[in-house]
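Structural characterization, general
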Amino acid sequence: MNTKVTIAGVTFKNPVMTASGTFGSGMEYGEFVDLNQLGAVVTKGVANVPWPGNPTPRVAEVYGGMLNAIGLQNPGIDVFIERDIPFLKQYDTKIIVNVCGKTVEDYLEVVERLADTDVDMLEINVSCPNVKEGAIAFGQRADCLSDITAAVKKKARQPIIMKLSPNVTDIAEMAKAAEAAGADAVSLINTLTGMKIDIRRRNFVLANKTGGMSGPAVKPVAVRMVYQCARAVSIPIIGMGGISNAEDALEFLMAGATAVAVGAANFINPYATEEVVKGIEAFMKEEKIQDIHEIIGCVK
Ligand SMILES: Cc1cc2nc3c(=O)[nH]c(=O)nc-3n(C[C@H](O)[C@H](O)[C@H](O)COP(=O)(O)O)c2cc1C
């Protein structure tokens, strides 16, 4: 049975990855999950300098998922290179580094620092709805997305994945803009902007007022968007949004994703990623599928 998939020349043992920001760099999860079983670990977003993140409270439970406004708290690229990359290199899995920034220059600095490191791909987070300084514009305007994609592509030594925001009118247009500007792949969806109000306090639950919605409730939106992008571009797609089990992951693969990522589900079930890997294999056996490519994009 073949579960290997290749994206921009990088071959993954299976199509299951962690979604950025929900798995750290795998250190906390290593106790539960055998990282060797995963197609890739996608790290939390890393910037050129440490970011403290947003004031608390910055997570809240909602029906069918959660809101977060972490604000991309991260230790900065220096600590990341020294601490996180050597940790991940101990495992037989691919490393995808999620990159964030407030300006194009910030992104390029991180990308340049990673050029000499042994990481497999870069995922460029242009879609975080919780960072106010302008990063929001990169992911929500096709012209800005195009500019940052081209700038990063020029500097990057590793293949680049542009992570798309669902907070747009036409996601396929964004995927096309990324492809035209040189992206090697796109990943989607990032979180959907949401809000929760505490009626007793008559105030916002999150200090940031708004937060990114993720978890099972966003899955139908995400599957629809992956399908639309798969019809619009020929670069590979990494699908995510509400995946909790193998059945969820299979929907994304059938809609046209070459790989999938598990996000908020890790907080409820730390074994989720490994269970998705095993569940996909069990499904393939049951349905007598020899090669995972038989189901990728099978729904037209
Ligand atoms: C707490 C939290 C932190 C996140 N941090 C990042 C991040 O640093 N970079 C990024 O591109 N996406 C980030 N995301 C978005 C996820 O990677 C994913 O795209 C989104 O949550 C949808 O998947 P899910 O419904 O499986 O969680 C974060 C999500 C959560 C819940």
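Reading the values: the criteria
Residues numbered from 1 in each chain as written. Predicted model: local features only at pLDDT ≥ 70, side-chain atom pairs only at ≥ 80, totals over all residues. Heavy atoms only, no water. Helix = DSSP H or I, 4+ residues; strand = E, 2+ residues; numbered from the N terminus. Rg over C-alpha atoms; globule rule 2.2 N^0.38 Å. Contact = heavy atoms within 4.5 Å. Areas by Shrake-Rupley, 256 points an atom, 1.4 Å probe, with all protein chains shown as cover. Pairing = 2+ DSSP bridges. Axes fitted to C-alpha atoms, helices over the stretch in contact; angles between N-to-C directions.

Turning to the overall build of the protein, a few remarks are in order. Scanning the protein from terminus to terminus reveals nine helices and 16 strands. Against the 2.2 N^0.38 benchmark of 19 Å for 300 residues, the protein shows a C-alpha radius of gyration of 18 Å, consistent with a compact globule. Referenced to the eigenvectors of the C-alpha coordinate spread, the extents of the protein come out at roughly 55 × 45 × 40 Å. Sequence-distant contacts, at least 24 apart, represent 71% of the contacts inside the protein between residues at least 6 apart. Split by element, the accessible area of the protein, about 12800 Å² in all, is 52% carbon and sulfur.

On to the sheet that holds strand β14 (residues 210-214), then. Overall, antiparallel pairing links the four strands, which are arranged β5-β6-β14-β11 in an open sheet. The two strands at the open ends of the sheet, each matched to only one other strand, are β5 (59-62) and β11 (192-195). The sheet shows a mean angle of 40 degrees between the axes of neighbouring strands, direction not considered. Here four bridges tie β11 to β14, and the two strands are oriented antiparallel to one another. Across the sheet, residue Gly-194 finds its bridge partner in β14, namely Gly-211.

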